[in-house]
Amino acid sequence: MKRLSFALPVSGALYDGSMDLLKNCGLSISRSNNRVYTATIPSLSGIDVMFQRQSDIPARLDSNVADLGIVGLDSFYESKLDNGNSLVLIDDLGFGKSDLVLAVPDAWLDVKNLVDLADLSFKMRDQGRDLRIATKYPRLVSRFLNNNSIYYFNIVDASGGIEVAPYIGYADMICDITDTGNTLRQNRLKIIENGTIFSSQAALVGNLETLAKTNIFSTVKPVIEKIEGYMNAKKYIRVTVNLSLTDLGLSSPEDLQAVLSSNHILHGLKGPSFSHVLTTEPGQWISLELIISIDQLLPCIEELRNLGGVSITTSDLNMLFYKDSIGYSKLVQAISLIGDIE
Amino acid sequence: MNKLNLNKVLGFKDKYSEEISVLNDLNSKFFKFTEKWGYTQISPPIIEKTDLFSNKISSSLTSNIYYFTDPSGQEVSLRPDFTSSIIRMIFENNENLPLNEIRYSYSGEIYRYNNISNKNYISQNGVEFIGNDSLTSDIEITALAILFSKEIVGNELLVSVGHVGIISDVLNYFKLSDRESIFILQNLDLISKDNNLDFIINKAKDFGLYFKNDLINLQNKSFSNNEYSRMLDFAFSNDSNFSQTREKDSIIEGLANKYEKNTTVEIFSDCINLISKLINIDDNLEESVSKANKILSKIPVKNNLSDFYKIVSSLKNYEIDLSKIKINFGLVREWGYYSGFVFNLYNKNLLEKNNFGGGGRYNSLGNSINNNDSFPATGFAIDNEKLTKNIKLKNNNNLFNKIVIFLKNQNDYDLAIKTSIDERKKGSIVTLESKFSSINELEEWSKNNDIFEIIYFEKSELIRRKI
């Protein structure tokens, strides 16, 4: 019986992020030591984990060696086959964030944006040479520049220390990933306007052809559900508050509905739930519980205070599941397009 | 262990006998035809150094080239066109340039990744005429392309002709920048339709073009070159290598150009209006040239227009029916590559855009590859598969009888071999078959496979059965 093969990055920020994510999803990895490149997920049977260089993971998927993987979107789109079987199931795992940017020397005051770069490429062409761009993303860079009507350039394939390429002279400019831009600045480079080719982060990707096999298709569902449930939960927070109905001039908790329905911040995911508070304080007290978007927390607290809310507490959610799993539905739909599940 | 996926690479094709036979027949016709015009056959390697193609001597986009590192570590590419290789051959094998006229013909596949059409190769026949800058070479190439295509397509052949030089002269007259010109050349379809000028201007701005009017508020930011120089020295005083791979003067020139924009929206609009009128001309040669002459009355493009007239009108000397030639001043083929007279070949079953071939003059090639600007060239290429689609070419195999010798009994083997040798000497195509269980079964199969005759043996006696 085929087991699901799950490819994870072997090192770096994507390795740490993957380990943390899977642990938080209840899918902790069991690996005997760091020099062993295989592992298991004890809480789910039927899964073999393999550790690979992240740049190799798209190829492992396209060659049907891996069924599922976590990979940076930059590596994925640079390396995946255009007509291959791999598909992004969840594109925002929240770690490994970086931008793929075009950067030129600081002193090129005449090159501020992509249009200036196009002009420069023509000018260099007239002078008998092409703009040289050092990058380890030749495919993404070429397509991006061609799509922006920049045709006269040469890609210089480079894999490390790219930032120094213009200074030592083997390229005129670079295209590389950056998180904060500090390394670029330290190497006297500046990111040009509209020159962000791609904003990348870690993603869960799957192989349509191999996942279509019945026995591993059922194994992949809990992985997607748990990761998606955890990622959903990170966007929300649970808020509880005690309110005095008496002070609000209301006779029953249901009367609160009219007050809350006019306030979208207090509506939360599906409207608050309530329970009675047993207290020695005078009047009728209830406890409200809301699930709200995390970026609405402080406005929500303010609104609750305005209603006379006290003892406001918050707690994180572990998992949040919607009616359907978006990632799983995407997989099912894509598989149905290429043919029936075996 | 996973089963290996050994399907062919998407965008390529398995060819079988019938198609190969048709293409071989086409190639044979092509070389015989072009040989009579003095073209000698050459065959450059399928792989060249990547730099040859990434140097953009053709219009292939960097993202479309198949490139890889060979086992020696050399960066190489599958050829995306023949012309680059041919120019390279000439530079590499001839010390004294320019040479006399060179006429080459070629045949083979070129490779360009195309994610939209999902066809990543083109089977081509073509010619190059190098070293002649006169109209006679334009006329010769155009006539050769038309007459050969007519041999294959017959009276359904249609041709459209244009001249890149005419549009280039218009763009130069209005002093448009490279990017402004490219926007216009890339959007001739849009301009040819009755589109609102504001719509086109807005599209140009989305493309990143800006005009003098946009810079009115920035005029005060303009400085002299000396001031720019002092600013750079001051800002980067602690770094002697601040300009890195560029000269300081190049940066200063770039800064100065940013604030010295000559093109106004009005100038740009005038240019678009004029080009729109020009490319919408749809008439016979005399009327088209006459109308173009009026439209271009203020613009010094008379030489190119009169050259255009001379080339097209001279085609009748080759007994070419000018009524089958559509005048299209918007035809530029691959912009940035062609520089003069251009043409497309198509037939009634194909739209002009889906032409099966074409060509024209591309004088800037030598300059692109070797800074050699005295390298005039013209040529054409034909997409063999498009050309032969829906066209019944003579299949040479049909000229010969196909005979099957049925080996029912291994004892007849020696006799079968001797018979096959005799029959092949007579010109037949002979195969030996031993898999069929009976002569009747073979006869049924033969009826569907163009077999002329079955030969078999009964008690060592040769028996023939016509199908």
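Residues numbered from 1 in each chain as written. Chains lettered and ligands numbered in written order. Predicted model: local features only at pLDDT ≥ 70, side-chain atom pairs only at ≥ 80, totals over all residues.

(A) Summary view of the overall build of chain A. The number of helices and strands found in chain A is 12 helices and 15 strands. The globule rule puts the C-alpha radius of gyration for 342 residues at 20 Å, and the 26 Å found for chain A is more than 25% above it. When the backbone C-alpha atoms are referred to their principal axes, chain A occupies close to 85 × 60 × 40 Å. Relative to its 342 residues, chain A shows a buried fraction of 39%. Considering only residue pairs separated by 6 or more positions, chain A has 71% of its internal contacts joining residues 24 or more positions apart. (Helix = DSSP H or I, 4+ residues; strand = E, 2+ residues; numbered from the N terminus. Rg over C-alpha atoms; globule rule 2.2 N^0.38 Å. Buried ≥ 20, exposed ≤ 12 C-beta atoms within 10 Å, placed from the backbone. Contact = placed C-beta atoms within 7 Å.)

(B) Region of the structure containing the overall build of chain B. In terms of helices and strands, chain B carries 17 helices and 15 strands. Out of the 467 residues belonging to chain B, those deemed buried represent 33%.

(C) Region of interest: the interface of chain A and chain B. Counting residues at the interface gives 30 residues for chain A, matched by 27 residues for chain B. Contributing elements (two or more residues each) for the side of chain A that touches chain B: α4 (114-126), α5 (138-147), β8 (153-157) and α6 (165-168) of chain A. Sort the elements by how many residues they give to the side of chain A that touches chain B and α4 of chain A lands first, with six residues.

(D) Looking closely at the environment of Asn318 of chain A. All names here are of chain A. With respect to the helices, strands and loops of the structure, Asn318 is situated in the loop between β15 (310-316) and α12 (326-338). Accessibility expressed as a C-beta count within 10 Å gives 11 for Asn318, which makes it exposed. A sequence separation of 292 residues divides Asn318 from Gly26, and the C-alpha atoms of the two residues are 9.9 Å apart.

(E) View of the confidence of the model for chain B. Mean pLDDT over chain B stands at 85; residues scoring 70 or higher make up 87%. At the level of chain-chain contacts, confidence expressed as ipTM amounts to 0.72, with global pTM at 0.77. (pLDDT = per-residue confidence, 0-100.)

(F) Representation of the pairing of strand β3 (residues 47-52) of chain A within the structure. Residues and elements named next belong to chain A. Only one face of β3 is covered, namely the one carrying Ile47, Val49 and Phe51; the face carrying Asp48, Met50 and Gln52 has none of its residues buried. When strand β2 (residues 38-40) meets β3, the two strands line up antiparallel, connected through three bridges. Bridging across to β3, Thr38 finds its partner in Met50. A loop of six residues connects β2 with β3, the two strands running antiparallel in sequence, and Gly46 in this loop sits at a positive phi of about 85°. (Pairing = 2+ DSSP bridges.)

(G) Spatial organisation of the environment of Gly427 of chain B. All names here are of chain B. Examined against the element boundaries, Gly427 turns out to sit in the loop between α16 (413-425) and β13 (429-433). Here Gly427 falls in the exposed class, since 9 other C-beta atoms lie within 10 Å of it. Along the chain, Gly427 and Lys402 lie 25 residues apart, while their C-alpha atoms are 9.5 Å from each other.

(H) The arrangement of the nonpolar core in detail. Ile133, Val141, Ile174, Cys175, Ala203 and Ile227 of chain A are the most contacted members of the largest nonpolar core, which totals 82 residues. Considering each element in turn, this core owes the most residues, seven residues, to helix α9 (residues 214-234) of chain A. For this core, the domains that each give at least three residues are domain 1 (4-96 + 201-233 + 323-338) and domain 2 (98-199) of chain A. If you look at the next biggest cluster of nonpolar residues, it comprises 73 residues, including Leu144, Leu331, Val332 and Tyr337 of chain B. (Core = buried A, V, L, I, M, F, W, Y, C linked by C-beta atoms within 7 Å. Domains from an automatic or database assignment.)

(I) Representation of the sheet that holds strand β12 (residues 402-406) of chain B. All names here are of chain B. Strand order in this open sheet of four strands is β13-β12-β14-β15, and the pairing throughout is mixed. Edge strands, defined here as strands with exactly one partner in the open sheet, are β13 and β15 (461-466). Each strand axis lies, on average, 25° off the axis of its neighbour in the sheet, ignoring direction. In the packing of α16 onto the sheet, the strands contacted are β12, β13, β14 (453-458) and β15, and the crossing angle to β13 comes to about 165°. In the packing of helix α17 (residues 439-447) onto the sheet, contacts are made with β12, β13, β14 and β15, and the angle to β14 comes to roughly 170°. (Axes fitted to C-alpha atoms, helices over the stretch in contact; angles between N-to-C directions.)

(J) Focus on the domain arrangement of chain A. Under the domain assignment used here, chain A contains domain 1 (4-96 + 201-233 + 323-338), domain 2 (98-199) and domain 3 (236-316). Taking the mean C-alpha position of each, domain 1 of chain A and domain 3 of chain A sit 40 Å from one another.

(K) Quick peek at the domain arrangement of chain B. Once the domains are mapped, chain B shows domain 1 (17-176 + 325-388) and domain 2 (400-466). For domain 1 of chain B versus domain 2 of chain B, the separation of C-alpha centres amounts to 47 Å.

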